[in-house]
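Here is how the chains run, residue by residue.
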Amino acid sequence: MKRIQYHRYGGPETMKLEAFEPRAPETGEIAVKVKFAAINPIDWKVRNGYLKMMTGKKFPRAMGSDFSGIVTAVGAGVTRFRAGDPVFGMAQIRDGGALGEAVVAPETFVARKPDSVSFEDAACLATPGVTAWNGLVDKAALKPGRQVFVNGCTGAVGEVTVQLARMLGATVAGACGAQAMQRARDLGVEPLFDYRTTDLSKIRERFDVVYDTAGTMTVAAGLGLLRPGGVYLDINPTPAKFIRAVFNRRLKAIICSARADILDGLASAAGNGKLRLPIAAIVPLNDAIPLITALETGRRLAGKALVAM
């Protein structure tokens, strides 16, 4: 089988489409024949070595986190899946491998794909959905009637955050580019601000939750938009922010952390037609490296980019 992998940390030039021997799933893991994989910024951040304290020095390393496909085998102790199940989910950061024809993942990082959801749509959900859930549910404990501000409300994480917040009974305001405003309005975002022409720190409204899904706000600006008791969710944490969060309970650093209940919740929402991300491009595995490179170096798409196996 083939997958995209690299033999040292570095830039786009390190990626190669190579043959590999799929390993058997170990205890608590499942093996999946991948149908579609979604491209996420975390894929090149891992390859660039930003998380090498977690991923280590063993090479070659496989790229890719989010996938959909069919279970081909299960490891010892697996109870949630069996061979033949249609699934979607994410690989562990330390393993990767979604950008290939087969992947192994923990069963707790995977959910059964609803029959009403296509494999293409399912492949988009894991990383954006888990990240949104980690913020709104795990950190903010969002309740009905609360007011949420989403910076980057038409990015992948932003769109899931908007949809999840509305499912939880909150009202949502946000910021995005002018070209994406109609999409934001269709999602129910109101009021809406153009981040290019608006100083977000000067917005008069105050919110129970501010989620910077674009990673472009300053902590001061985010905290300044909060009501008393509100929380600012930061998708781009740094060591300094983690330290600051220890002393300021209004600041919550978000790291994408998957669990079975989160993936099952996303599956339920997608199956009920309440959660979906737009797809802007689908390419075959042979053409994936140029697309990853283009996205990494600044190309913008109005939706997710997928790789078909």
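Worth saying up front: this structure is predicted, and the values here are computed from it rather than measured.

1. Some thoughts on the nonpolar core
Link 1 in the chain: Formed by 82 residues in total, the largest nonpolar core has its most connected members in Ile-4, Ile-39 and Leu-136.
Link 2 in the chain: Excluding its chain neighbours within four sequence positions, the residues that come into contact with Leu-136 are Ala-141, Leu-142, Val-148, Thr-161, Leu-164, Ala-165, Val-209, Tyr-211 and Leu-233.

2. Quick word on helix H9 (residues 260-271)
Link 1 in the chain: The terminal C-alpha atoms of H9 lie 16 Å apart, and with 12 residues this matches the ideal 16 Å at 1.5 Å per residue to within 8%.
Link 2 in the chain: Those residues of H9 not exposed but buried are Ala-260, Ile-262, Leu-263, Gly-265, Leu-266, Ala-267, Ala-269 and Ala-270.
Link 3 in the chain: Among the structural elements, strand E6 (86-90), strand E8 (110-112), helix H4 (126-139) and helix H5 (156-167) are those in contact with the buried residues of H9.

3. Here's the deal with the pattern of salt bridges
Side chains that differ in sign of charge can pair as their charged atoms come close.
Link 1 in the chain: Summed over all chains, the structure comprises 14 salt bridges.
Link 2 in the chain: Glu-29 is paired through a salt bridge with Arg-23; the nearest N and O atoms lie 2.9 Å apart.
Link 3 in the chain: Asp-121 is the partner of Arg-276 in a salt bridge, and the nearest nitrogen-oxygen pair spans 3.1 Å. Of the two residues, Arg-276 sits in the loop between H9 and strand E15 (279-284) while Asp-121 sits in helix H3 (residues 119-123), which places them 155 residues apart along the sequence.
Link 4 in the chain: Classification of Asp-121 by relative accessible area gives buried; the value is 16%.
Link 5 in the chain: Among the charged side chains, a network of salt bridges with common partners joins Arg-23, Glu-29, Arg-94 and Asp-95.

So, how was this worked out
- Residues numbered from 1 in each chain as written.
- Predicted model: local features only at pLDDT ≥ 70, side-chain atom pairs only at ≥ 80, totals over all residues.
- Heavy atoms only, no water.
- Core = buried A, V, L, I, M, F, W, Y, C linked by side-chain atoms within 4.5 Å.
- Buried < 20%, exposed > 50% of the residue type's maximum accessible area, 1.4 Å probe, protein only.
- Contact = heavy atoms within 4.5 Å.
- Helix = DSSP H or I, 4+ residues; strand = E, 2+ residues; numbered from the N terminus.
- Expected span 1.5 Å × (residues − 1).
- Salt bridge = Lys/Arg side-chain N within 4 Å of Asp/Glu carboxyl O.

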